[in-house]
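Summary of structural features
Residue strings, one per chain:
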Amino acid sequence: MENMDEVIHNIETILCSERPRLLCLCTRLAGDAHIAEDLVQETLLEAWKHLEGLREPEKISAWLSGIARNVYLRWARKQGRQQEQSLQLQTEADESLNVLEETLADDFDMEVELERKELAELLDRAMDLLPPETRASLLERYVRESSLSEVASLMGVNVHTASMRLKRGTLALRRVLTDEFKLETETYAPNENAEWTQLALWCHHCGQQRMLGKLDPVQGDLYLKCLTCCPRPNDYVSWNTGIKFLEGLKTFKPALSRLDKWASNYYRTALREGSVTCIDCDHPVPLNFGIPTETSSWVRQRNAIVIDLLCNHCGSRCHTCIDTLAFNLPEVQDFRRRYPRIRLLPPRQIEAEGVPALVATCESITSAARIEVVATRERFDVLNIYGG
Ligand SMILES: [Zn+2]
Ligand SMILES: [Zn+2]
Ligand SMILES: [Zn+2]
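Criteria and cut-off values
Residues numbered from 1 in each chain as written. Chains lettered and ligands numbered in written order. Predicted model: local features only at pLDDT ≥ 70, side-chain atom pairs only at ≥ 80, totals over all residues. Heavy atoms only, no water. Donors = N, O, S within 2.8 Å, 3.2 Å for Na, K, Ca; no water. Tetrahedral: all angles 85-135°; square planar, octahedral: opposite > 155°, others 65-115°. Helix = DSSP H or I, 4+ residues; strand = E, 2+ residues; numbered from the N terminus. Buried < 20%, exposed > 50% of the residue type's maximum accessible area, 1.4 Å probe, protein only. Polar contact = N/O pair within 3.5 Å; in protein donor to acceptor, adjacent residues only side chain to side chain. Contact = heavy atoms within 4.5 Å. Pairing = 2+ DSSP bridges. Axes fitted to C-alpha atoms, helices over the stretch in contact; angles between N-to-C directions. Core = buried A, V, L, I, M, F, W, Y, C linked by side-chain atoms within 4.5 Å. Salt bridge = Lys/Arg side-chain N within 4 Å of Asp/Glu carboxyl O.

**Quick word on the coordination of the zinc ion (ligand 3)**
- With distances of 2.2 to 2.4 Å, the protein atoms coordinating the zinc ion (ligand 3) are C278 (SG), C281 (SG), C311 (SG) and C314 (SG).
- For the zinc ion (ligand 3), the four donor atoms in the first shell make angles of 106 to 112° at the metal, so the coordination geometry reads as tetrahedral.
- Spacing between the donor residues of the zinc ion (ligand 3) along the chain follows C-x2-C-x29-C-x2-C.
- For the pair the zinc ion (ligand 3) and the zinc ion (ligand 2), the metal-to-metal distance amounts to 4.3 Å, and C281 bridges them.

Next comes the structure, spelled out in structure tokens:
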């Protein structure tokens, strides 16, 4: 819980620092910068109301993106409803049109007011717990969105004192959130509603289990899990959220094959060009190697070279062990068709044809068959393939 406390103490810094990234995401989703501003505002308010739902503070970016997508979907649905209703309206006679319009206007106002009212109530309850100057600082900072130094000068105190007041204030807010909003806190966990499905596909890392899959065609999410390789709740063989080209796909086969093709092309381009166009925001993402902290435990244990593509502009991130690119070679795909249960051994580092190289070995679980791919360590350019 220490981590969680830390995050809540620093809520003002974190939420502010996430703003540009969320703006980028919402602009992409809504296709309009002004609407995106509203969506981000709402996202940050939602996040603030549901802070207790953040179960893993180090995943705050993913958590916020999830909220932003929900906010966007709600907005999009409302747009759809409004368009539908205005289409219906056009077919009505003139006199009933006015009546209908008034009714609709009332409905929509009620919906907006309800959310404003919820927020206002929350603030009131929390504010009652606070000394007047702390309360004023919080209002200035979060409702009027003044900077920390602006708050300090308005209160006639130095930045340090202002920051202490805000911290005390957020602690008090947290007490209210914990007491009154416990029931709402589960809402924003990723894929809460989707179910794990048993797939025919064997785990290609260990060959011990058939994989479990989770697919969310609305969010564009696809998760794969193997119970042997992924002992921790947040370990995945593959974890993809908010992928545009997965939206609408309701079965695993087409989703997986699209994902494989896309991933191989994405990482190959990065290796070849030194950068690749971000899947979320179209800005260039530099090629980088290293293991991201939020990765699954099996990635860490494999002792492999990991390609880590982090977009500095929108925070979107993809990573993979470089030797798994072997799976997209036709020879290896053919091997896997003949031997569906294989395991990928940890890569061996050797020297081949005078350059540092890697050996990626797939071996059959049910027979002695194996295929070895020798490729350059730097870009995984294939030098040789043995066996198969
Ligand atoms: Zn496995
Ligand atoms: Zn961007
Ligand atoms: Zn990006």
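**Quick word on the side chain of E372**
- Looking at the secondary structure, you find E372 in strand β12 (residues 370-376).
- What makes E372 buried here is its relative accessible area of 17%.
- Within the structure, E372 has its side chain in polar contact with the side chain of R348 (distance 3.2 Å).
- Reaching out from E372, the side chain makes a polar contact with the side chain of R370 at a distance of 3.3 Å.
- For E372, the contacting residues outside a window of four places in its chain are R348, V359, A360, T361, N384, I385 and Y386.

**Re the sheet that holds strand β1 (residues 197-202)**
- The four strands lie next to each other as β1-β2-β3-β4, forming an open sheet whose pairing is antiparallel. Every interior strand has two partners, whereas the edge strands, β1 and β4 (238-240), have only one. On average, each strand axis in the sheet is inclined to that of its neighbour by 25°, with strand direction left out of account.
- Of the strand pairs in this sheet, strand β3 (residues 221-225) and β4 are connected by three bridges, and their pairing is antiparallel. Pairing of L222 across the sheet is with N240, part of β4.
- Its contacts with the sheet put helix α9 (residues 252-273) on β1, β2 (210-216), β3 and β4, and the angle it makes with β3 is roughly 95°.

**Points about the nonpolar core**
- Among the nonpolar cores identified, the biggest contains 56 residues, and L222, L309, C362 and F380 are the most heavily contacted of them.
- Every residue in contact with L222, bar those within four places of it in the chain, is listed here: K214, L215, S238, W239, N240, L246, F252, A255, L256 and L259.
- A36, W48, I67 and L73 belong to the second-largest nonpolar core, a separate cluster that totals 22 residues.

**Thoughts on the pattern of salt bridges**
- On inspection of all chains with the given rule, the structure shows 16 salt bridges.
- With its nearest N and O atoms 2.7 Å apart, the salt bridge here joins E18 to R21. Taken together, the residues E18 and R21, both in helix α2 (residues 11-30) and three residues apart, mark about one turn of the helix.
- Judged by its relative accessible area of 10%, E18 is buried.
- R21 gets classed as buried once you look at its relative accessible area, which sits at 11%.
- Residue R338 is joined to D334 by a salt bridge in which the shortest nitrogen-to-oxygen separation is 3.3 Å. Here D334 and R338 lie together in helix α11 (residues 330-338), a separation of four residues that amounts to about one turn.
- Residue classification places D334 among the partly exposed positions, given a relative accessible area of 35%.

**Topic: the coordination of the zinc ion (ligand 1)**
- For the zinc ion (ligand 1), the full set of protein donor atoms is C203 (SG), C206 (SG), C226 (SG) and C229 (SG), and the range of their distances to it is 2.2 to 2.3 Å.
- When the donor residues of the zinc ion (ligand 1) are listed from N- to C-terminus, their spacing reads C-x2-C-x19-C-x2-C. Highlighted residues: C203 in the loop between β1 and β2 and C226 in the loop between β3 and β4, separated in sequence by 23 residues.

**Digging into the environment of L22**
- Here L22 is to be found in helix α2.
- Residue classification places L22 among the buried positions, given a relative accessible area of 0%.
- The spatial distance from the C-alpha of L22 to the C-alpha of L39 is 8.9 Å, given a sequence separation of 17 residues.
- Apart from the residues within four sequence positions on either side, L22 is in contact with V40, T43, L44, L64, S65 and A68.

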